[in-house]
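Chain and residue survey
For reference, the chains in residue letters:
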Amino acid sequence: MPMHFVTHGTGTPVLAIHGWTPDHRLMTGFLEPFFTRRAAAHPGGPSYRRLYPDLPGMGQTEITEKYQGTDDMLDAVQGFVDHMVGDAPFLLVGESYGGYLARAVANARPDQVLGLALVCPIGKEARRSRRTLPPHTVIARDPELMAGLLPADAAAYGDLAVVQSPETYRRFREEIAPGLALADDEGLVRVARRYELTAFPESGAPFERPTLIVTGRQDDNTGYADVYALFEHYPRATFAVLDRAGHNLQLEQPVLLDAFLDEWLDRVEEGGGVSR
C-alpha cells in the first residue's frame, strides 16, 4: 500500500521520517525552513529533494491488518525507498520512532545512505518502560499561556513542553497537533504489541558515514542515556545533549538544531556523492 508523502526541492534525496503518531508536518516544520536558509546561504551549492512520508496509521496513510508490528513499518519504509529513491544515494533524517526506523534503514543500506541525522531518537531500549528517562521538568513556565488553553490542548502540549511559550505552542499546534488528531489509534495499538524490531538496528557493521545525534537533556520520552549507548556504532557521529530541550527539541532549541544540521551537511558534502 503506498504511503502518502509530500516532496520539496530537487537533487540528492533526503528521506525524513517522523515519530510515533504525528505526521510529516513534524519534519517539514523544522527541515523546510532549514533547507531554505541553507540554500540562501550557499547559492550554487548542492541541492536536495526532501521526501516526507506519513507512516502507516499516521497522517493520510492508511493502516491495514497487514501491519502487526514495527517490522512491518520498516518494510513499508524500505518499499518507499525502493519506489521513490531506487538505488541512488540518499540522506536520512529521523525523529523519535522515525529515528529508530532510520537507524534500521541505514544498517540495511550502508553503502547507499550518505548521512544519518537523528533528533530525539529512540535509543537501545525500544520499549518506553525499559528506557532510562529523566523526570518531567519544565524549565521555562508560562502560567498565563497555559491558563488560556483548552484543557485538552493544555494536556497535549504540556505533557512534553519543557519551554512553555507562545512560539513553541504555535508550532506545536501547526506541526504536531494536526497529525496527532489523524492517528489511527486502533491500528497503532496493534503495531505497538510488537514495537521492537526483530533485528537490532545496530546489528551490522558500524555505520561509517557522517552522523548527527541530537537529544534533549529534559526529554522524558526517549531520554539521552540510552541513545548514548549507541554512540560507538557510529564512528563519524556528533552526539549532543541540549539543555532546555525535551522531546520537542526542534521547537525549543531551533537555533542550535539548525547549527548542528548545517555542520552535519557540511560533513556529508565533504564526502561527495551529493547533487549540485
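Scope of this entry: the structure provided in the associated data block. (Residues numbered from 1 in each chain as written. Predicted model: local features only at pLDDT ≥ 70, side-chain atom pairs only at ≥ 80, totals over all residues. Heavy atoms only, no water.)

1. Considerations on the overall build of the protein chain
Under the convention used in this document: Helix and strand labels come from DSSP, where a helix needs a run of H or I of at least four residues and a strand needs a run of E of at least two; each type is numbered from the N terminus. Based on C-alpha atoms, the radius of gyration is set beside the globule rule, defined as 2.2 Å times the residue count to the power 0.38. Throughout, exposure labels follow a simple rule: accessible area from a 1.4 Å probe, protein chains only, divided by the maximum for the residue type, with under 20% read as buried, over 50% as exposed, and the rest as partly exposed. Contacts are residue-level and defined by heavy atoms, with any inter-residue pair within 4.5 Å sufficient. Only the protein chains shown count as cover for residues, with accessible areas throughout obtained via the Shrake-Rupley method and a probe of 1.4 Å. We count Lys and Arg on the positive side and Asp and Glu on the negative side, and we leave His and both chain ends out. Charge positions come from single atoms, namely NZ of Lys, CZ of Arg, CG of Asp or CD of Glu.
Counting secondary structure elements, the protein chain contains ten helices and seven strands. Here the protein chain has a C-alpha radius of gyration of 18 Å; the compact-globule value for 276 residues is 19 Å, and the two agree. Counting over 276 residues, the protein chain shows a buried share of 57%. Put simply, 80% of the contacts in the protein chain that link residues at least 6 apart link residues at least 24 apart. On the protein chain, roughly 11700 Å² of surface is accessible, and the fraction owed to carbon and sulfur atoms is 53%. Averaging the positions of the 26 positive and the 38 negative side-chain charges in the protein chain gives two centres separated by 1 Å.

2. Considerations on the nonpolar core
For the record, the criterion: For the purposes of this section, nonpolar cores are sets of buried Ala, Val, Leu, Ile, Met, Phe, Trp, Tyr and Cys residues that join through side-chain atoms within 4.5 Å.
Residues L15, M73, L92 and Y97 are the most contacted members of the largest nonpolar core, which totals 42 residues. Those elements that provide at least two residues to this core are β2 (12–17), α2 (70–84), β4 (90–95), α3 (97–108), β5 (113–119), α7 (185–192) and β7 (237–242). When near neighbours in sequence (up to four residues on either side) are disregarded, L92 contacts L15, I17, A102, V105, A106, V113, G115, L116, A117 and W264.

3. Digging into the packing of aromatic side chains
Stated formally: Ring geometry is summarised as follows: Phe, Tyr and Trp rings, the Trp one being its six-membered ring, pair when their centres sit within 6.5 Å, and such pairs are stacked at plane angles under 30 degrees, edge-to-face over 60 and tilted between the two.
For the structure on display, the rule yields 13 aromatic pairs. An angle of 70 degrees between the planes, with centres 5.3 Å apart, marks the rings of Y228 and F239 as edge-to-face. Of the two residues, Y228 sits in helix α8 (residues 225–228) while F239 sits in strand β7, which places them eleven residues apart along the sequence. Assessed through its relative accessible area of 19%, F239 is described here as buried. Taken together, the ring pairs in this structure connect W20, Y97, Y100 and Y195 into an aromatic cluster.

4. What about α2?
Along an α-helix, a turn takes 3.6 residues, which lines up residues three or four apart on a common side. Put simply, the rule is: Each residue after the first adds 1.5 Å to the expected span of a helix.
Its 15 residues place the ends of α2 21 Å apart at the C-alpha level, agreeing with the 21 Å of an ideal helix rising 1.5 Å per residue. Residues of α2 that are buried in the fold lie against β1 (5–8), β2, β3 (48–53), β4, α3 and α7. G86, located one to two residues past α2, shows a positive phi value of around 70 degrees.

5. Quick word on a negative patch on the surface
Selection rule: To count toward a patch, a residue needs a relative accessible area over 30% and no salt bridge; like charges are then connected within 9 Å, while nonpolar side chains (Val, Leu, Ile, Met, Phe, Trp, Tyr) are connected within 5 Å. Basic side-chain nitrogens of Lys or Arg form a salt bridge, by our definition, when they fall within 4 Å of a carboxyl oxygen of Asp or Glu.
Taken together, E62, D184, D185 and E186 make up a surface patch of like negative charges. Judged by its relative accessible area of 65%, E186 is exposed.

6. Regarding the pairing of β2
Under the convention used in this document: When DSSP finds two or more bridges between a pair of strands, those strands are recorded as paired. Here is how to tell: hold the view so the strands point away, follow the path from the first strand over the helix to the second, and if it runs clockwise the crossover is right-handed.
Where burial is concerned, most of β2 is hidden: six out of the six residues are buried. Alternating residues of β2 divide into T12, V14 and A16 and P13, L15 and I17, and every residue in both groups is buried. In terms of strand pairing, β2 meets β3 through four bridges, oriented parallel. What sits directly across from L15, in β3, is L51. Viewed along the sheet, the connection from β2 through helix α1 (residues 25–41) into β3 turns out right-handed. Pairing of β2 with β4, which is carried by four bridges, proceeds in the parallel orientation. Counterpart to A16 in the pairing with β4 is V93.

Any functional reading would require information that these geometric values do not contain.
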